[in-house]
Amino acid sequence: MSSQEQIAKAVTLLRAGGVVAFPTETVYGLGADATNDEALRRIFSIKGRPADHPLIVHLAFPTQIQDWARDIPAAAYALAERFWPGPLTLILRRRAWVSALVTGGQETIGLRVPAHPVALELLRAFGGGVAAPSANRFGRISPTSAEHVRQELGDGPDLILEGGACSVGIESTIVALTDSSPLILRPGGISPAALEEAMGQKVELPGTLQTVRAPGMLASHYAPATPLRLVGAQQLPAVAASFAAEGKRAAVMALSGYRSATGQTVAMPSDPAAYGYDLYAVIRMLDGGQHDVILVERPPRTGAWLAINDRLQRASGVIHRER
Ligand code: TXA
Ligand code: MG
């Protein structure tokens, strides 16, 4: 089937209440018509996700936010203008009619115009909002290729659109504009500094991003099956050696020139954007059961690495937050 035929088929499925996995520049999404409750219920059931978790509604055009949100502040337009289409989700006050399955029963809604050409083509052809969480089973790593989606969800979706590897590779930056000052709910491809520059306004980070939370504070977390540990560059040789001494197979995701003498080493890129592009695919590759532990050399703690550190901390179980 040509890509145009694929899009036409996807639109027909969405209109009929089907569930379609599609590529975005961040991660693959599992999409359904955001006005069709029955279709939305299927998303939750395919993912195994609790129904009180809200879904992001994906739109073709920034102007469509007015269909879904009200009392939209100027900062929202400033961010939309600068970053859409792109890896940014805005949390705004919802319109009264929006389904509780989309909002998780809250007064707010998450909206995003993705940049991937296949996603945009799909959204333009469909015309309405497509609600889509990441196309993974609940609690697992987001898929960054169509093959990952097939591994995660099998034939759960009615169709999986092919779009290659996601160019950003980690989920969108989520900014809430519902309170007096903008708040980053999830760091992503767009840095806090870039957000502030576009809005001409400070953006707040929740405490969970500023400091590391004690494990076990929230019930569910998001991690590979293989334990993942963040280790400082200086400690890496000793930690790797101590696992080897116990007869454990340790894989290493290194940032410096470190190479493990005893196990597999993946040299990760020193640029945060390139690191984000590789991150989930590398974790997936190392999580196949061939290692007892994944040792990750801790990235710098600077703003440019905020999203990477957030995802690594979640994957290591240091931050337990629901997905
Ligand atoms: O990059 C992305 O954002 C990807 C692609 C597919 O667009 N989507 C994604 O969706 O990561 P999901 O459902 O896996 O994560 C969305 C996060 C969830 O943590 C959800 O709780 C939060 O966004 N969220 C959605 N709507 C919200 C709302 N109204 N208020 C607060 N958080 C919201
Ligand atoms: Mg997700």
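Residues numbered from 1 in each chain as written. Chains lettered and ligands numbered in written order. Predicted model: local features only at pLDDT ≥ 70, side-chain atom pairs only at ≥ 80, totals over all residues. Heavy atoms only, no water.

**Student:** For this particular structure, what's the right way to read the overall build of the chain?
**Tutor:** Counting its secondary structure elements, the chain contains twelve helices and 14 strands. At 20 Å, the chain has a C-alpha radius of gyration in line with the 20 Å of a compact globule built from 323 residues. Within the chain, the proportion of its 323 residues that are buried is 56%. Long-range contacts, defined here as pairs at least 24 residues apart, represent 67% of the contacts in the chain between residues at least 6 apart. Split by element, the accessible area of the chain, about 13,200 Å² in all, is 52% carbon and sulfur. (Helix = DSSP H or I, 4+ residues; strand = E, 2+ residues; numbered from the N terminus. Rg over C-alpha atoms; globule rule 2.2 N^0.38 Å. Buried < 20%, exposed > 50% of the residue type's maximum accessible area, 1.4 Å probe, protein only. Contact = heavy atoms within 4.5 Å. Areas by Shrake-Rupley, 256 points an atom, 1.4 Å probe, with all protein chains shown as cover.)

**Student:** Would you explain the site of ligand 1 in this entry?
**Tutor:** Lining the immediate environment of ligand 1, one finds 22 residues, of which Thr 26, His 58, Ser 134, Ser 172 and Arg 186 sit closest. Between Thr 26 and ligand 1, the recorded distance is 2.6 Å, taken from a side-chain N or O atom to an oxygen atom. Considered on its own, ligand 1 offers 670 Å² of accessible surface; in the complex 90% of this is hidden by protein. Counting residues per element, the ones that place at least two in the shell around ligand 1 are β3 (56–58), β6 (108–112) and β10 (183–186). Counting residues per element, the shell around ligand 1 draws most heavily on β6, at four residues. The residue inventory of the shell around ligand 1, partitioned by class, reads ten nonpolar, eight polar and four charged. (Near = heavy atom within 4 Å. Polar contact = N/O pair within 3.5 Å; in protein donor to acceptor, adjacent residues only side chain to side chain. Nonpolar A, V, L, I, M, F, W, Y, C, P; charged D, E, K, R; others polar.)

**Student:** Just checking my understanding: could you explain unusual backbone geometry for this structure?
**Tutor:** Note: most peptide bonds trans; most residues except glycine with negative phi. Omega for the peptide link from Trp 84 to Pro 85 comes to -5°, which places this bond in the cis form. A positive phi angle, close to 50°, is found at Asp 71, a residue other than glycine. Residue classification places Asp 71 among the exposed positions, given a relative accessible area of 56%.

**Student:** Whenever I open this one, the sheet that holds strand β12 (residues 250–254) confuses me. Can you help?
**Tutor:** Spatial ordering of the open sheet is given by β11-β14-β12-β13, a layout of four strands whose pairing is parallel. Sheet topology places β11 (228–231) and β13 (265–267) at the edges, where each strand pairs with a single neighbour. Neighbour-to-neighbour, the strand axes of this sheet turn through a mean angle of 20°, independent of strand direction. Where helix α10 (residues 236–245) meets the sheet, its contacts fall on β11, β12 and β14 (293–297), and the angle it forms with β14 comes to roughly 175°. (Pairing = 2+ DSSP bridges. Axes fitted to C-alpha atoms, helices over the stretch in contact; angles between N-to-C directions.)

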